[in-house]
Structures are given as C-alpha cells and as structure tokens.
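Each chain, letter by letter, is given below.
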Amino acid sequence: MTTKEALYNYSLRMGDNALILGHRLSEWCSKAPIIEEDLALTNVALDMIGRAQAFLKYSAILKNEGQTEDDLAYCRSEKEYHNHLITEQPNGDFAHTIARQLYISIFEYHFFSHLEQSADVEFAAIAAKAVKEVKYHREHAIDWTIRLGDGTAESHKRMQAAINDLWMWTGELFEMDEVDTILLKDGISVDLAPIRDLWKKELDKVLLEAMLVFPEAEYMQSGSRKGIHTENMGHILSEMQYLQRAYPDAKW
Amino acid sequence: MTDTQLDLWEVFIQSKSGLPYIHAGSVHASDMKMALQNARDTYTRRGEGTSIWLLPSKHIVASNPDDKEMLFDPSNDKIYRHPTFYVMPEGATHI
Amino acid sequence: MYVSKQKHMHNEHTDEHFQFRIDNGEYIEPRDYMPEAYRKNLIRQISQHAHSEVIGMQPEGNWITRAPSLRSKQILLAKIQDEGGHGLYLYSAAETLGVSRTEMIEQLHAGKAKYSNIFNYPSLNWADIGAIGWLVDGAAIVNQVSLQRTSYGPYSRAMVRICKEESFHQRQGYEIMATMMKGTKDQQAMAQDAMNRWWWPALMMFGPHDTDSPHSKDAMKWKIKRETNDELRQKFIDKTIPQAELIGLTVPDKDLKWNEAAKKYDHGEINWEEFYSVIKGDGPCNKQRLSHHIKYHEDGVWVREAAEAHKLKTNLSVV
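Anyway, here's the lowdown on the structure attached to this text. (Residues numbered from 1 in each chain as written. Chains lettered and ligands numbered in written order. Predicted model: local features only at pLDDT ≥ 70, side-chain atom pairs only at ≥ 80, totals over all residues. Heavy atoms only, no water.)

1. Thoughts on the overall build of chain C
- Counting its regular elements, chain C contains 13 helices and three strands.
- Against the 2.2 N^0.38 benchmark of 20 Å for 319 residues, chain C shows a C-alpha radius of gyration of 21 Å, consistent with a compact globule.
- Along the first, second and third principal axes, the C-alpha atoms of chain C reach 70 × 55 × 35 Å.
- Buried residues in chain C amount to 58% of all 319 residues.
- Intrachain contacts of chain C at a sequence separation of at least 6 include 76% that bridge at least 24 residues.
- About 13,800 Å² of surface is accessible on chain C, with carbon and sulfur atoms providing 54% of the total.
- A distance of 3 Å separates the average location of the 41 positive side-chain charges in chain C from that of its 42 negative side-chain charges. (Helix = DSSP H or I, 4+ residues; strand = E, 2+ residues; numbered from the N terminus. Rg over C-alpha atoms; globule rule 2.2 N^0.38 Å. Buried < 20%, exposed > 50% of the residue type's maximum accessible area, 1.4 Å probe, protein only. Contact = heavy atoms within 4.5 Å. Areas by Shrake-Rupley, 256 points an atom, 1.4 Å probe, with all protein chains shown as cover. Lys, Arg positive; Asp, Glu negative; His and termini not counted. Charge placed at Lys NZ, Arg CZ, Asp CG, Glu CD.)

Written as structure tokens, this is what we have:
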C-alpha cells in the first residue's frame, strides 16, 4: 500500500464514521424526550454530516477520479464503507444513544486532539474544527450519562444496560492496521494505544460519578476495517441511497 | 415522580463582548448545565452570541404594571437631566 | 416570577382601557390587565401555532434519512431543527399567559388543541420537501410577517425572531423545485405531482373565508390577528403564481386567471368539505401524526423523571 492509498483509506474511514453516526442521530428528529433535546441531538447530527462532507471531499480529491463527496457518500456498496460498527448500531432508547455518544465522543475528543497535530495539513484543519465540536458532544453525553445513571432506579437500570450492550463495539475504536501504521511513520495518523488509555481513564471517572459499573472485559467485535458490517448497515444504506439507486441519472 | 417539562429558565445573550446581555427567550431544563446547553442549542444556532446568562424564571423580580405611574412618571419632567436642556453660547464646540 | 404588589387606586383594569391601549397601538405585556377572552384567544392561537411547528417536523423528518445529497441533508436537518426551535419560542410565549407547556401538550394529546391541517397530508416523494418549503412555509411566512405586529408583546417578539430565521426556508423549498424542474422527466413529474397535492392544502392554511371564520372578529379587534384570512391568502397567491410559472410548474386550478382591473389573481373555489373533514380528523395522516407525538412523549417520561430526580440529588438546581 502506498502512502497515498493509505491517506485515502484513512480519510474515508473518518468520513464514514461521521456519515453513519450522523445518519443515526438524524433519526432522532421529532422523537427526543423534550423539544430542547431534539434541537441538541440535531446539532450533533449536523456537526457529523458537516465533518463527513469535509473528509469525503478530501477522499475524493485524493482518489482523483473525478468523484465528489456525494458520489462517495451515496454510491458505494456496503463492503466499501469502513465506519466503526458502533456508529451503525440502532438508536435504541435514549440511554443507548447516550451510551453510544459517550463512548464515541470521548474517543473522538482525544483522537482529534492528536490528529490536530497531523503532518497532513488537511487532516489537521478538519481535526481542529472537529475538536471544538466534539468537546461539546462529549460534555452533552457525559452530563446525560450522569443524570441517567444517578437519576431514578429505572434510568439507572437502562443506562447500565446500554453501557453493557454497546461495550463489545468499543474495541474496534482502537484497532490499528496497515493504513494506520504506514501513516504513523510520517506523523500523519494517530497512535491509538495511548488514546485507549486516555479514553479508559476518562470513562472510568464518568461511570463512577454516574454510579455505573464499568463493563467487564468481553470479546470485542471487529470488521469495519475489512468492510464487514452488522445487519444494520444494509438497511441504513438502502434508505440513504434510495434516490440515487432509483434515479441514477438524476442530479439533486 | 410526576412527569414534567422540567423547569423554566430565561436566556440572555451577549452578541459580542462589550455589548449588553439581551433577553432572547426561555428554555426548559432540569439543571444549570442542561439549561446552558439548551440555551446554546436553541438561541445561538446562527452565531448570535458569544456569551450566555441564565436565570430561573421564578427568580425574576418584576415591577407591577399598576405601579407604572408611580415608578416612571416622576422622571418625565426632569428635563435638566438631558443635555439639550442647556443653552450654550453660539460657537461653543467640543461640549 | 415575583411581582411587587402595591395597593393604590387605578382605573386601568377595565376592558375599555384595554381596548384604548390596543387602538393606540400599544403592546400588551404579560402582567398587564387583559380581558379573559383575550387571554384565552391568545393561548388558543399561540399554542396551536406552537403545535403546528412541532407536528410539522414529522412530514419533513420523513425524508431526512433519504435526502439525496449531503448538502440537502444538512439543509433539511437545519430547517426541521428551526421548526422545533420555533415551537419552543411559541410555547414560551404562551407560557407567559399562565399556561404550562405540560398543559398545552396534554391538550394536544386530548385533541382539544389543534395544529395546522396541512401536516395531516403525507410527504410522498422528495419534491414534497420542496413543496413544503416553498408553499407551506411560504404560506406560513405571509401569516407570520403579519403577526410580527400582533398586540401581545411576547408573541410579537417570538414572531420577529421566527421570521428572521424562516427566511431561508422558503428559498430552500423553491430551490429543490427549481432543480427538479430542470432535471430528468421523472424529477419533473415528481415536482408537478407535489405541486398538485400541496397547492390546495396550502391555500386552506389561511383558514375559512372571512365570512365563515369563527375567531376572526375578536382577533382582529384585539389585533391578535392583523389581516384577515382572505387578505393573507390573496397575498400568498399573488406572489406564488409567478414563481411557479418561472420554473414551469402548472398550478392545479383551471379557474385561475389574472384580474387586470383588480391587479390580483382570481382563483377557483377551495374544497371546504375536504378542509372540514381533515380538521375533524379524517385527513390521511391525522392519527399517525398525533400517535407519533404521543408515543415519543411517553417514551421520554423516564428520561424527564430521571433529570428531575437527579436535580433533587445534586446542587445543580437553583431552588
């Protein structure tokens, strides 16, 4: 794999993470527990889609085959998407969405804080913007985790269940393959081993304050790096790509 | 617990530093942090502000409309508080 | 809120004095004297307006996950978020009249409070998102611009903010329609189909003819409403027809024609039977819209309870 190819893959992954999580969050529209929260979740979704646009645009430039960010977002087959499996997990109840946000936003905060120093100026620029946004996503997720964990007996039970249910998808956040290591040499990618420590430490603190038990280690799921998804992904894509597939000649 | 729509807060936004905080509207939230986040998500979606003040609505002290005459009419005839009250000699500048 | 109470003589608590203030072009503020019927009329109108914004999120939300480009997805999400925000501003304005948001939601769920009939129609293809923005928001804006001068201060202030934010909504819808009319045969057919289905319901949004409008007389006298249903409807028609013609859409009204003498468009009769049957609950989506709102309101109970319980356990609240 050349550095150029690795760069493309790395950019694509980050674009896909944002795209699919943004898709999931946008499903909350008109369904949140209170209207203020509807607005809050939409803001997070908008940040994600904006970020997807930035990374996919850069991916298209790197690929240099005349594609646009929309071609990449809408016209690939399932195996060509490389988003973390956790991003495609269903919203579930509000606790599951918050748990997914908690795991991802703490990870992303540390990840983008490091990517901000990337030797690739485009990555560094997108990361600098992402870090500001994700700082807020993280605060939003942490505050809700604490409210629900230390709220009523029912909310505590639901929050703990969500933390446990989503745990097996978190291992993948820290997986590194050839793409990561090639770019790491040039100071472009982020070394995920120290990020994992930062993530665990912060998560531990939040769960403690939320009166929640840290999930016990269990087998972690994997697959996104190879384009192997969960059953959810096909449904997400059949919705997302509906108009492109039904009217391939149309411009929107 | 009975279901509620959480507490009512009043939101004041400063559009940029140096300017006064202006009442933007209200939000519902159960605590200070949520109120701040909700105010941000509701009232600064278009870059309207750089700073937010929040106040639980029940803590606002308001004058009674019935007291309007007593409170505000007496200041109407104190025209000597306004600079235009004074007669300046012709040609005086910078004053 | 604490309001200082001083006892003294005054003669301001009369309906005559209130009407004098209205006629004088003054704004009425929450603690001012107002006739009970004025308060009730306002609560009815503002809460109906708030519910319309919130229920209106559903037909548009129906297309978020299928929006055909990243740009259109962002725009649609931002627009629906605005609608939610506008609902929130309006609930807040109504709350200053002594009704809580909880009560307003209860009235909506019990079928006692209405929302705009237009949202009882389905959004069936992507051009519907265009038609909703262009026609439905277009009609709403005509009404809202007029309401910026409504006599109740908090309502007027909410409308000023809403009008400022809504200005992109109609353009967003018209842009979708224009793009589709320049597109493939399929896209043009979708756009015309959406036009055919949304035109008449959009005209109905202004309500019955002035002669048949039950709340209009008082609302006009109190300057809650500033222009009549028929006046507003005519304004909307006159500004929209040229926009339709410009992009090649046919207005589905064979009686529509320019009246040179009156400098306005004459239009065909609205199907009031359909209007009243949808109001009564027989529109294609009445049950769906309300059940959706009730379901997610109920799904949120445990979350709101948790937030309240957590507040009581911590010192984050200001009691």
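2. Some words on the overall build of chain B
- Helix and strand counts for chain B come out as two helices and four strands.
- Starting at the N terminus and walking to the C terminus, you meet the elements of chain B as β-β-α-β-β-α.
- Taking 2.2 N^0.38 as the reference for a compact globule, 95 residues should give roughly 12 Å; the C-alpha atoms of chain B span a radius of gyration of 21 Å, well beyond that estimate.
- With respect to the principal axes defined by its C-alpha atoms, chain B has extents near 70 × 35 × 15 Å.
- The buried share of chain B, reckoned over its 95 residues, is 36%.
- Taking contacts inside chain B between residues at least 6 apart in sequence as the whole, the part at least 24 apart equals 42%.
- When the accessible surface of chain B is summed, it comes to about 6,000 Å², and 60% of that surface belongs to carbon and sulfur atoms.

3. A few points about the side chain of Asn17 of chain A
Residue and element names in this part refer to chain A.
- Mapped onto the secondary structure, Asn17 falls in helix α1 (residues 3-26).
- Reaching out from Asn17, the side chain makes a polar contact with the backbone nitrogen of His84 at a distance of 2.6 Å.
- Those residues in contact with Asn17, other than ones at most four positions away along the chain, are His82, Asn83, His84 and Thr87. (Polar contact = N/O pair within 3.5 Å; in protein donor to acceptor, adjacent residues only side chain to side chain.)

4. What about helix α5 (residues 101-109) of chain C?
- Turning to α5 of chain C, its buried residues are Arg101, Met104, Ile105 and Leu108 of chain C. The buried residues of α5 of chain C all sit within an arc of 100° when viewed along its axis, so they share a single face.
- The inward-facing, buried residues of α5 of chain C contact α2 (35-63) of chain A, β2 (22-29) of chain B together with α2 (36-55), α4 (70-95) and α12 (286-299) of chain C.
- A positive backbone phi angle near 80° is found at Gly111 of chain C, which sits one or two residues after α5 of chain C. (Arc of directions from axis to C-beta.)

5. Some thoughts on the interface of chain A and chain B
- Between chain A and chain B, the contact holds 12 residues from the first and 15 residues from the second.
- When chain A packs against chain B, the two sides together hide about 1,300 Å² of surface, and 50% of this comes from carbon and sulfur.
- In this structure, Arg147 of chain A and Asp31 of chain B form a salt bridge, with 2.8 Å as the shortest nitrogen-oxygen distance.
- Where chain A touches chain B, the interface holds seven residue pairs in polar contact (both at pLDDT 80 or more). (Buried area = accessible area lost by both parts, 1.4 Å probe. Salt bridge = Lys/Arg side-chain N within 4 Å of Asp/Glu carboxyl O.)

6. Quick notes on the sheet that holds β2 of chain B
Residues and elements named next belong to chain B.
- On the basis of which strands lie adjacent, the open sheet formed by three strands has the order β2-β1-β3 and antiparallel pairing. At either margin of the open sheet sits one strand with a lone partner, and together these are β2 and β3 (51-56). Each strand axis lies, on average, 30° off the axis of its neighbour in the sheet, ignoring direction.
- Direction of pairing for strand β1 (residues 7-14) relative to β2: antiparallel, over a ladder of seven bridges. Bridging across to β2, Glu10 finds its partner in Ser26. (Pairing = 2+ DSSP bridges. Axes fitted to C-alpha atoms, helices over the stretch in contact; angles between N-to-C directions.)

7. Looking at the packing of α12 of chain C against helix α13 (residues 301-313) of chain C
Residue and element names in this part refer to chain C.
- Where α12 contacts α13, the axes come no closer than 4 Å and their chain directions differ by 35°. The residues of α13 that touch α12, namely those facing His297, Glu298 and Asp299, are Val301, Trp302 and Arg304.
- A per-class count over the contact of α12 with α13 returns two nonpolar, one polar and three charged. (Nonpolar A, V, L, I, M, F, W, Y, C, P; charged D, E, K, R; others polar.)

8. Observations regarding the environment of Ile236 of chain A
- Structurally, the position occupied by Ile236 of chain A is in helix α9 (residues 232-240).
- Sequence-distant contacts of Ile236 of chain A, that is, excluding residues within four places in its chain, are made with Ile20, His23, Arg24 and Glu88 of chain A.

9. Comments concerning the environment of Ile237 of chain C
All names here are of chain C.
- Inspection of the secondary structure puts Ile237 in helix α10 (residues 229-246).
- Taking C-alpha positions, Ile237 is 28 Å from Ala113, a pair spaced 124 residues apart along the chain.
- Excluding residues within four positions of it along the chain, Ile237 makes contact with Trp199, Leu203, Leu256, Tyr265 and His267.

10. Quick word on the packing of α2 of chain C against α4 of chain C
All names here are of chain C.
- Packing of α2 against α4 leaves a shortest axis separation of 8 Å and a crossing angle of 160°. Between α2 and α4, the crossing angle belongs to the class labelled roughly antiparallel. Judged by the sense of rotation from one axis to the other, the crossing of α2 with α4 is left-handed. In this structure, α2 uses Ile46, His49, Ala50, His51, Glu53 and Val54 to contact α4, whose residues at the interface are Glu83, His86, Gly87, Leu90, Tyr91, Ala93 and Ala94.
- Its residues assigned to classes, the contact of α2 with α4 comprises seven nonpolar, four polar and two charged. (Parallel < 35°, antiparallel > 145°, perpendicular 65-115°, else oblique. Left-handed = near helix turned anticlockwise from the far one by under 90°.)

11. Some details on the nonpolar core
- Of all hydrophobic cores here, the largest spans 181 residues; its most connected members are Leu115 of chain A together with Tyr38 and Trp199 of chain C.
- Looking at which element gives the most residues to this core, the answer is α2 of chain A, with 14 residues.
- Ignoring anything within four residues of it in the chain, the contact list for Leu115 of chain A reads Tyr10, Met14, Phe55, Phe123, Ala124, Ala127, Ile188 and Val190 of chain A. (Core = buried A, V, L, I, M, F, W, Y, C linked by side-chain atoms within 4.5 Å.)

12. Some points on a nonpolar patch on the surface
- On the surface, Ile79, Tyr80, Phe85, Tyr86, Met88 and Ile95 of chain B cluster together into a nonpolar patch covering about 660 Å² of accessible area.
- Inspection of the secondary structure assignment puts Met88 of chain B in the segment after α2 (68-72). (Patch = residues over 30% accessible without salt bridge, like charges linked within 9 Å, V, L, I, M, F, W, Y side chains within 5 Å.)

13. What about the environment of Val54 of chain C?
- Assignment of secondary structure puts Val54 of chain C in helix α2.
- Each C-alpha atom, one on Val54 of chain C and one on Leu290 of chain C, is 11 Å from the other, the two residues being 236 residues apart in sequence.

14. Some thoughts on the pairing of β1 of chain B
Residues and elements named next belong to chain B.
- Within β1, six of the eight residues are buried, which leaves it mostly tucked inside the rest of the structure.
- Examined bridge by bridge, β1 and β3 share six bridges and lie antiparallel to one another. From the neighbouring strand, Gln14 faces β3, where its bridge partner is Ser51.

15. Describing the interface of chain C and chain A
- Taken together, the contact between chain C and chain A spans 41 residues of the former and 49 residues of the latter.
- Summing the contributions of chain C and of chain A, the shared interface buries around 3,900 Å²; its carbon and sulfur component is 69%.
- Along the contact surface separating chain C from chain A lie two salt bridges.
- Residue Glu36 of chain A is joined to Arg101 of chain C by a salt bridge in which the shortest nitrogen-to-oxygen separation is 2.7 Å.
- Our count for the contact surface shared by chain C and chain A stands at 15 residue pairs in polar contact (both at pLDDT 80 or more).

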